[in-house]
Every structure is written in C-alpha cells, then in structure tokens.
Amino acid sequence: MYKYVIKGGNRLEGEISVSGAKNAAVAIVAATILCDEPCVLENVPDISDTAICAKILREMGASINYTNKNTIQIDTKNIKSPVVPYELARTMRASSYFLGTLLGRFHEAYVPMPGGCDLGDRPIDQHIKAFNCLGATDEIVSGTVHVKADDLIGCQIYFDINTVGGTINAIFAAVKAKGLTIIENAAKEPHIVDLANFLNSMGADIRGAGTDVIKVRGVERLKGITYAIIPDQIEAGTYMVAAAATKGNVLIKNVIPKHLESITINLRKMGVKVEEFDESVRVSVDGPIMKTNVKTMPHPGFPTDMQPQLSTLLTIAEGTSIVTDDIFDNRFRYVAELRKMGAEITVKDKVAIIQGVKCLKGAPVKATDLRAGAALVIAGLCAEGVTEIDDIYHIERGYESIEEKLSAVGADIKRMYFQPKETMAIGG
Ligand code: EPZ
C-alpha cells in the first residue's frame, strides 16, 4: 500500500505542465472500437483510468502499443466479441462507454454495470434511454448490462437531465446509425467537444458539440487517424487552487484558458490573482483569501469536479462561504477528513457552510474518491505540520505524476510504501 506524506507550509513557486484530459481520454480510447484501422493517440494522460481502458481493449483482442507513456497506438480490428471483461470494467465509470461503442460497431454489447468514484447513486438510465431511442433493447443479467439492436436508426433523443456520459454514449451509438440523430439537452463539457473533433477527424458527421443540441448523421465507416487529446481543465484547476492555498506563484502551462474561465472567475472573487496567457495561466496571491459562495453547474458553470478543491481553499478564507453541489447525491464525503485537519464545515443535504480558519493542521486522512483525494493534497500542502493521505489509488486514477509535479514547484510531498495494519472491527 502507498500513501502521500506531505509536510505543509511551503509556498509553491515555478512551473507545472498539465497532462491530457482524463475525461476526454477515456472516451476517445473507447471510441477507437468504432474504427477498424489503427489510431495513434497523443497527449494521453499516464493515469490508471486510461491504462485500464487500454487494458480492456487489449483483453478483447485489440493491439495496444505505447510509443511513450503518453502516446498509444490502438488497432481494434481484431475485436470480434461485444463482451467486456468483468473484473477490469466494473471499477470504472468510463467502462459505460463500451456500451455505446460496441453497440455502434456490433449492434450488441455486454458491459458490467459501471463503477467509479462513490458520489452516491450514479444510474445509467439516460444512457439506456438513448440506446432504446435508436432501436436497441436492454436487460441487466448478473450485474452486466446487455444491449442489442437489429438496426440502429437515427432519432430524436431528449435527455431528462444534463449527463456527460449519457451524451457521449448517445454520440457513440449514433455515429454509424442510419440517418440523423438529434441529441437535445446535451452536455457541453470540453471533453465532449474533443471527442466530437476526434470522431469527425475520422470521418464522422457530428455538429453542435459544445451546445445543448448535437446532430449526428450516421456514416458507413471511420478511418484511423493520429489525434492529440486536449489538456485537462480539472488537473489545471487543481494546481491553480494549490498555488493559491500555499500563497505561491505558479505558471500552469499547456492549458486552454477558455476551459478554465469559471475557475478563474471564482478564484479572482476570492482575491487570487490569475493572469491568462495563450496556453498558460499564472496564479499568485499577495493578500488574504476572501470568502465566496459557489454553486456547481454543468459546463460552462463551475465544475463539480473542482468543488472539493475550491472548498478546501475556502476553509482558510476570511469569512463564511456557502458551497452548493447538487449534481451528485453526495460529493461532500471528503468533509469528514478535512475536519480532522481543523476545518470548520457543516454539510446539510447538498450545501456546505464553510467558516474560514487561520490554518489547517496536518493529520492522517483518507482519500474517499479522486477529487476528494486531490482536495486533501491541497489541504496537506497548506496545513501546518505533516499530513498522511491513505488510499491514494483514488488520486492516481486521474492525476499523472502528481507528487513529481508538486515537488518540482517546492512541495514537500513523498509517496511512501507502508504495510497495512490489521484493522479491528470496532462495534458501535
Ligand atoms: C462524468 O461523469 C465525469 N466522469 C465525472 O468526473 C464528472 O463529475 C461528471 O461527468 C459531471 O461533469 C467521466 O467523464 C469519466 P453525468 P458521469 O452523467 O458521466 C446523474 C471525475 O472526477 N445521471 O454528467 O457519470 C448522475 O447520477 C469524475 O473526473 C443519471 O441520473 O456524470 C449525476 O447525478 C467524477 N442518469 C448527474 O446525472 C444517467 O443515466 C450527472 O452525471 C446519467 C447520469
């Protein structure tokens, strides 16, 4: 088992380069199933989620060659079966994308019910609604979702809620369907635009990605291409907040500032200086961190994936802040861990009231999911004393070389092995 040991109090100063976007990469790796020619993907983040997606494809018969840790050649022509291996797929939310891509290619798919961060109930009813609309039937047998269609016919899909995964899976199933599919109330995240750009570069006909109406006209086949994945807006935002929390001065490179707008606006409201350049932003602080109120929204609003990180910064702001995150059932599981570090936060339903304190104190804490873990890293960086973070596998699902990147700008963070103790079951 590994943990991060962080000695807080160092100001972060220097430059950090952001990796490719996790939530674009997992969709684009899955999308290669729709093409029977080799694709080369560049700027793929070296994280466990993308590695598992590639491993699933290899187990299904695809050839996977890493020319370096961020460049993968994928050829799925030898995949003959629409069955996704159970053990690997059930750990990740992104495995749901194999439903749409296998359905699009084979008109059938068997995929385990997806796993992923425990943020409360995460159904896939909207994904199934899109598949049904296109002509597929669905059933769940022993934890595996089975979808099947004699033919996929273009249709009008109206999502009842804003869903990133549902939008992506609707695109996957529609790309080679017969005729026109119109996806209404579509999600508009940057990774959806990146996926549409990837598919269109292969010969797909997808218009309107990034708006709430996406039109997909089915095509016969897609050709293999080389494609570079966009930078990760959430990784960038995480390092922006880390720079602010340590009152540092960091240039965060390889970003698309437009994708960071809602993060930049909120940090500026808190007294953080954010300078925007063509492909980088500089974050610095020369005064107190001020309170603010924020509500997470689908893109282009403030992203739910940045909520734990910003809330952590608010724990050391002057004044009382209110954070509302009703996109998921429960995205405040990290609060109990922050309280161990002296944070003063109360959570009621999907609202956190954060009373700023002078500073946090280092403590042993546990990552409960990917972004919660990132928030605890930020807390450890700005706390007095030493913080030990357990269950860091959550963090390493979505942050490439986080301890190297932070150490390079002055953080005292080490990834250490430890023998897990036998935990006693204590009643009560
Ligand atoms: C994607 O999850 C991301 N994951 C999440 O990032 C991100 O938090 C989320 O989008 C919102 O931006 C990946 O891209 C792999 P949703 P997804 O479908 O697609 C409900 C991270 O930290 N819903 O937009 O699962 C759902 O329960 C991860 O990188 C239904 O009810 O999110 C949630 O409450 C965490 N039925 C809300 O919609 C459905 O069929 C938004 O979910 C689908 C979703």
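Residues numbered from 1 in each chain as written. Predicted model: local features only at pLDDT ≥ 70, side-chain atom pairs only at ≥ 80, totals over all residues. Heavy atoms only, no water.

1. Quick notes on the sheet that holds strand S8 (residues 144-148)
Part 1: On the basis of which strands lie adjacent, the open sheet formed by three strands has the order S6-S8-S7 and antiparallel pairing. This sheet does not close on itself; its edge strands, each paired only once, are strand S6 (108-112) and strand S7 (137-141). Neighbouring strand axes in the sheet, compared pairwise and without regard to direction, differ in orientation by 15 degrees on average.
Part 2: Judged from the five bridges that link them, S6 and S8 form a sheet pairing that is antiparallel. Bridging from a neighbouring strand, Glu108 pairs with Lys148 of S8.
Part 3: Across the sheet, helix H4 (residues 97-106) lies against S6 and S8, angled at about 160 degrees from S6, the strand it touches most. (Pairing = 2+ DSSP bridges. Helix = DSSP H or I, 4+ residues; strand = E, 2+ residues; numbered from the N terminus. Axes fitted to C-alpha atoms, helices over the stretch in contact; angles between N-to-C directions. Contact = heavy atoms within 4.5 Å.)

2. Focus: helix H10 (residues 307-314)
Part 1: For H10, the tally of buried residues reaches eight of eight residues, placing the bulk of the element in the interior.
Part 2: Every buried residue belonging to H10 is among Gln307, Pro308, Gln309, Leu310, Ser311, Thr312, Leu313 and Leu314, and all of these are buried. (Buried < 20%, exposed > 50% of the residue type's maximum accessible area, 1.4 Å probe, protein only.)

3. Looking at the site of the ligand
Part 1: Surrounding the ligand, one finds 24 residues, the nearest of these being Arg93, Gln126, Thr163, Asp305 and Ile327.
Part 2: Here an oxygen atom of the ligand and a backbone polar atom of Asp121 are 3.3 Å apart.
Part 3: Contact between the ligand and Arg122: an oxygen atom at 3.1 Å from a side-chain N or O atom of the residue.
Part 4: When the ligand is considered free in solution it has 830 Å² of accessible area, and contact with the protein chains removes 91% of it.
Part 5: Judged by the proximity of its atoms to the pocket grid, the ligand belongs to the largest pocket. (Near = heavy atom within 4 Å. Polar contact = N/O pair within 3.5 Å; in protein donor to acceptor, adjacent residues only side chain to side chain. Areas by Shrake-Rupley, 256 points an atom, 1.4 Å probe, with all protein chains shown as cover. 1 Å grid on protein atoms, 1.4 Å probe; cavity = no way out; pocket = protein on both sides within 12 Å on 5 of 7 lines; lining within 4 Å. Sits in = over half its atoms within 2 Å of the grid points.)

4. Observations regarding helix H12 (residues 370-382)
Part 1: Taking 1.5 Å of rise per residue, 13 residues should cover 18 Å, and H12 covers 19 Å from first to last C-alpha, within 8% of that figure.
Part 2: Burial of H12 is extensive: 13 of the 13 residues sit out of reach of the surface.
Part 3: Between a side-chain oxygen at the N-terminus of H12 and the backbone nitrogen of Arg371 the separation is 3.1 Å; the capping residue is Asp369. (Expected span 1.5 Å × (residues − 1).)

5. Here's the deal with the environment of Val323
Part 1: Within the secondary structure, Val323 is located in strand S18 (residues 320-324).
Part 2: Between the alpha carbons of Val323 and Pro308 there is a distance of 9.6 Å; along the sequence they are 15 residues apart.
Part 3: Ignoring anything within four residues of it in the chain, the contact list for Val323 reads Val294, Gln307, Ser311, Leu314, Phe332, Lys350, Val351, Ala352 and Ile354.

6. Re the packing of aromatic side chains
Part 1: Inspection of the entire model under this criterion finds four aromatic pairs.
Part 2: Ring plane angle 70 degrees and centroid distance 5.4 Å describe the contact between Tyr2 and Tyr417, whose orientation is recorded as edge-to-face. Residue Tyr2 is found in strand S1 (residues 2-7), and its partner Tyr417 is found in strand S23 (residues 412-417); the two are separated by 415 residues along the sequence.
Part 3: Judged by its relative accessible area of 52%, Tyr417 falls in the exposed class.
Part 4: On the basis of an interplanar angle of 35 degrees and a centroid distance of 6.3 Å, the ring pair of Phe332 and Tyr334 is categorised as tilted.
Part 5: Over the ring of Phe418 we find Lys3; its NZ or CZ atom is 4.7 Å from the centre of that ring.
Part 6: Its end group placed over the ring of Tyr2, Arg415 keeps NZ or CZ at 4.2 Å from the ring centre. (Phe/Tyr/Trp six-rings, centres within 6.5 Å; stacked < 30°, edge-to-face > 60°. Lys NZ or Arg CZ within 6 Å of the ring centre and 35° of its normal.)

7. Points about the domain arrangement of the chain
Part 1: When its domains are assigned, the chain resolves into domain 1 (2-19 + 231-426) and domain 2 (22-228).
Part 2: Domain 1 and domain 2 are separated by 30 Å when their C-alpha centres are compared.
Part 3: At the interface, 23 residues of domain 1 touch 23 residues of domain 2.
Part 4: For the pairing of domain 1 and domain 2, the buried interface totals around 1,800 Å² over both sides, and the portion due to carbon and sulfur atoms is 50%.
Part 5: The three residues of domain 1 that bury the most area against domain 2 are His299, Arg397 and Glu400, which together make up 36% of that side's buried surface.
Part 6: At the junction of domain 1 and domain 2, the tally comes to three salt bridges.
Part 7: Ionic pairing is found between Asp118 and Arg333, a salt bridge with its closest N-O pair at 3.3 Å.
Part 8: There are twelve residue pairs in polar contact (both at pLDDT 80 or more) connecting domain 1 and domain 2.
Part 9: Counted by class, the side of domain 1 that touches domain 2 contains six nonpolar, seven polar and ten charged residues. (Domains from an automatic or database assignment. Buried area = accessible area lost by both parts, 1.4 Å probe. Salt bridge = Lys/Arg side-chain N within 4 Å of Asp/Glu carboxyl O. Nonpolar A, V, L, I, M, F, W, Y, C, P; charged D, E, K, R; others polar.)

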